[in-house]
Amino acid sequence: METQQTETHNNCGMTKTLKIIGSKWTALILHQIMEGVNRFGQLERSLPGISPKTLSLRLTELEQ
């Protein structure tokens, strides 16, 4: 029974969403997008310290 609950929990949409949004930088990226920043270079400049690779990975996660 416990395995079934764990499996259900891992497949829950809320759990998946929190895993993505809980990633470092993701909330800040979402905030910038909501403020109207929509180009990769603009996002990179608006988030000092983020590497292009990390930004690309987080954007890909959000897109999926």
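The present account deals with the structure reproduced in this document. The model shown is predicted, which means the values in this text are computed figures rather than measured ones.

1. Focus on the nonpolar core
- Among the nonpolar cores identified, the biggest contains seven residues, and these are Trp25, Ile29, Val37, Leu43, Leu47, Ile50 and Leu55.
- Once you skip the residues sitting within four places of it in the chain, leucine 47 turns out to touch Trp25, Leu28, Ile29 and Gln32.

2. Notes on the side chain of threonine 26
- Summarising the element assignment, threonine 26 is placed in helix α3 (residues 26-34).
- Residue contacts for threonine 26: discarding those within four places in its chain leaves Ile20, Ile21, Arg58 and Leu62.

3. So, the pattern of salt bridges
- Applying the stated criterion to the full structure yields one salt bridge.
- A salt bridge links arginine 58 to glutamate 61; its shortest N-O distance comes to 3.8 Å. Within this pair, arginine 58 and its partner glutamate 61 are both found in helix α5 (residues 52-63), separated by three residues, close to a single helical turn.
- Taking the relative accessible area as the measure of exposure, arginine 58 reaches 17% and is therefore buried.

4. Notes on α3
- What α3 keeps buried is the set Thr26, Ile29 and Gln32. Around the axis of α3, the buried residues are gathered within 125° of arc, so they sit on the same side.
- Looking at the buried side of α3, the elements it contacts are α2 (13-21), α4 (40-46) and α5.
- Where α3 terminates, the next one or two residues include glycine 36, which has phi positive at roughly 105°.

5. Side note on unusual backbone geometry
- Positive phi is not limited to glycine here, since tryptophan 25 has a value of about 85°.
- Residue placement: tryptophan 25 occurs in the loop between α2 and α3.
- The exposure class of tryptophan 25 is buried, given its relative accessible area of 18%.

Calculation notes
- Residues numbered from 1 in each chain as written.
- Predicted model: local features only at pLDDT ≥ 70, side-chain atom pairs only at ≥ 80, totals over all residues.
- Heavy atoms only, no water.
- Core = buried A, V, L, I, M, F, W, Y, C linked by side-chain atoms within 4.5 Å.
- Buried < 20%, exposed > 50% of the residue type's maximum accessible area, 1.4 Å probe, protein only.
- Contact = heavy atoms within 4.5 Å.
- Helix = DSSP H or I, 4+ residues; strand = E, 2+ residues; numbered from the N terminus.
- Salt bridge = Lys/Arg side-chain N within 4 Å of Asp/Glu carboxyl O.
- Arc of directions from axis to C-beta.

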